[in-house]
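Secondary and tertiary structure notes
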Amino acid sequence: MRKQTPLIAFTAFMLSAGVAHAQFLFWPQYRFWPGHYAPFKHKHHHRQTNSESAKNARPEDPPKGPLQIIISIADQRVSLFDNGALIARSSVSTGTQGHPTPLGVFSVISKQRWHRSNIYSAAPMPYMQRITWSGIALHAGVVPGHPASHGCIRLKNDFAIGLWHLTKRGTRVIIAHDDVQPVEITNPHLFQPKAVSGSPEFQAATVAGKSTLVSKAETPEATSLKVPSSAPAGAAPKKMIPISVFVSRKLSKLFVRQGFSPLFDVAVKIENPEEPLGTHVYTAMEFQSEGAPIRWTVVSIPDEFPRIDGAKKEREAPVKQTALSVPSPDKANAVLNRIEIPQDTVERISELLTPASSLIISDNGFSHETGKDTDFIVVTH
C-alpha cells in the first residue's frame, strides 16, 4: 500500500472563551509528515529514547528563530512565539490549587513521545516535554477548560503533537499567572556578539550564513568581517550552542551555563540592592546580516497576582480570554541600567553569544532543581 504524505500545516490563533473543542490549525511553514506519528491512543504505549523519537519526528521546515513557549495560568492557554512573533495559541489545563503548576522560567530538558507518569499510577503522558526533573511537564491530555492537573500543563492533542515536533531540548518555557509576551528591547548593556576572524565563534557564524559580527568594544570598521561564500574545504561545521546568563539580586552574582552545563560565575554590583528587580527574560533573536546589532526581546513576569480561595471557585471560575497587550520595556530597561558586570565578563560572554542565548534577571536565586542536564530554573511562585 502506497504511503500517503499529505502535509499538515501549523498555525493558529484559535480558542475563543467557552469553546471546549476548538480545533488547532497548523501554519504551512511548519510541516510534518503524518506517517511520523500515530494518533493519540492511551493503549499505544512504548518507550523510545530521545534520539529515536527525534529521528522519527523531524519537522520538514525548522522555526525561523528562537522558540518561546509562554503559559498563562489565568487564561489557561499557551502561546508559542517564533523569533519574537506569535505564531500559535491553544487552551491548556494546569494544576489545581492542591497541586499548583509552578510559575517561573524553565526550559525543555527532556522529550518522550510515549511516556507514563512515574508518580501518578503510570498515567499516560503522550508527547511529553519535561521542564523539571521532579515531575512537571507539558503533554497531551484532557483539557476541560479549567485547572485540573497535578501540576503538569495538559495540551490539546493536536497542539501537543505539533509543538513536540517543533521544539528541542533547551526551548524556553515561561509560566506566569497573567498573559505575558516578548517585546523588543534595545539597551547598551545588552550583550552583542564579538568574533575575530579565524576564531571558532567566527567560523560557527559563517557556517550558519551570517555576514557581519560587530563588537560593542570595537569600532564597526575594525570588526566588520566579510563572510566567505562557503566554509573552508574539509572544515567541519561547529555547532553553535546558546548560553544562558543568570543574574540574581539575592546572591549578587552572575552565572553562565552552556548546553545545560555550568561555565563560570562572578560577583556583580547592583545599584540600590535593597530594591526589587523583578524577573525578566531577555532573549537574543536570530542574528541579522550586514553588521546590524542583534535583536533582543524581553518577557517581564509580573511580581504579584490574585489568588483564588477554594478548589470549587477554581473549578467554576470562567477562563478569561484576553488579547495580548504590548507591554512597555521601560522597567526591563531600568533593571539593566542598575546592574554592573565586570568588563572582562562582558567580553567573555560576548564571545560565546549565539542566537537563542538568554539573560535572566531575577530577585530570586535559581531553584534547587537547577542541576545536571538543566538550564537555569527560576521559580517565582
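Attention here is on the structure that accompanies the text. (Residues numbered from 1 in each chain as written. Predicted model: local features only at pLDDT ≥ 70, side-chain atom pairs only at ≥ 80, totals over all residues. Heavy atoms only, no water.)

Description of the environment of Asn187
Of note, Asn187 is situated in the loop between β12 (183-185) and α3 (200-207). Classification of Asn187 as buried rests on a relative accessible area of 11%. Spatially, the C-alpha atoms of Asn187 and Asn333 are 6.6 Å apart, while their sequence positions differ by 146 residues. Those residues in contact with Asn187 that lie beyond four places of it in its chain are Asn333, Leu336 and Asn337. Within the structure, Asn187 has its side chain in polar contact with the side chain of Asn333 (distance 2.7 Å). (Helix = DSSP H or I, 4+ residues; strand = E, 2+ residues; numbered from the N terminus. Buried < 20%, exposed > 50% of the residue type's maximum accessible area, 1.4 Å probe, protein only. Contact = heavy atoms within 4.5 Å. Polar contact = N/O pair within 3.5 Å; in protein donor to acceptor, adjacent residues only side chain to side chain.)

Observations regarding the sheet that holds strand β18 (residues 296-301)
A sheet is described by the order of its strands in space; here 7 strands give the open sequence β12-β18-β17-β20-β13-β14-β15, paired in mixed fashion. Each end of this open sheet is capped by a strand with a single partner; those strands are β12 and β15 (261-267). Direction aside, neighbouring strands of the sheet carry axes that sit 25° apart on average. Taken strand by strand, helix α6 (residues 330-337) contacts β12, β17 (279-284), β18 and β20 (358-362), and its axis lies near 90° from that of β17. With respect to the sheet, helix α7 (residues 343-352) is in contact with β13 (243-248), β14 (253-258) and β15, its orientation differing from that of β15 by roughly 155°. (Pairing = 2+ DSSP bridges. Axes fitted to C-alpha atoms, helices over the stretch in contact; angles between N-to-C directions.)

Overview of the sheet that holds strand β5 (residues 85-93)
Note on sheets: strands pair through backbone hydrogen bonds, and any given pair is parallel or antiparallel. The mixed open sheet is built from 10 strands, whose spatial order is β7-β8-β9-β10-β5-β4-β3-β11-β6-β21. The two strands at the open ends of the sheet, each matched to only one other strand, are β7 (110-112) and β21 (378-379). The sheet contact formed by strand β4 (residues 77-82) and β5 spans 6 bridges and is antiparallel. Looking at the pairing, Arg77 lines up with Ser91 of β5.

Points about helix α2 (residues 157-166)
One turn of the α-helix equals 3.6 residues, which is why residues spaced by three or four share an orientation. Taking burial as the measure, the 10 residues of α2 include 8 buried ones, the bulk of the element. By the burial criterion, the buried members of α2 are Phe159, Ala160, Ile161, Gly162, Leu163, Trp164, His165 and Leu166.

What about the pattern of salt bridges?
If you walk through the whole model with that rule in mind, you get 7 salt bridges. One salt bridge connects Asp179 with Arg77, and the closest N-O pair in it is separated by 2.6 Å. Here Asp179, found in the loop between β11 (172-176) and β12, pairs with Arg77, found in strand β4; they are 102 residues apart in sequence, far enough to count as distant. In this structure, Arg172 engages Asp375 in a salt bridge whose closest nitrogen and oxygen atoms are separated by 3.4 Å. Placement of the pair is Arg172 in strand β11 and Asp375 in the loop between β20 and β21, with a sequence separation of 203 residues. (Salt bridge = Lys/Arg side-chain N within 4 Å of Asp/Glu carboxyl O.)

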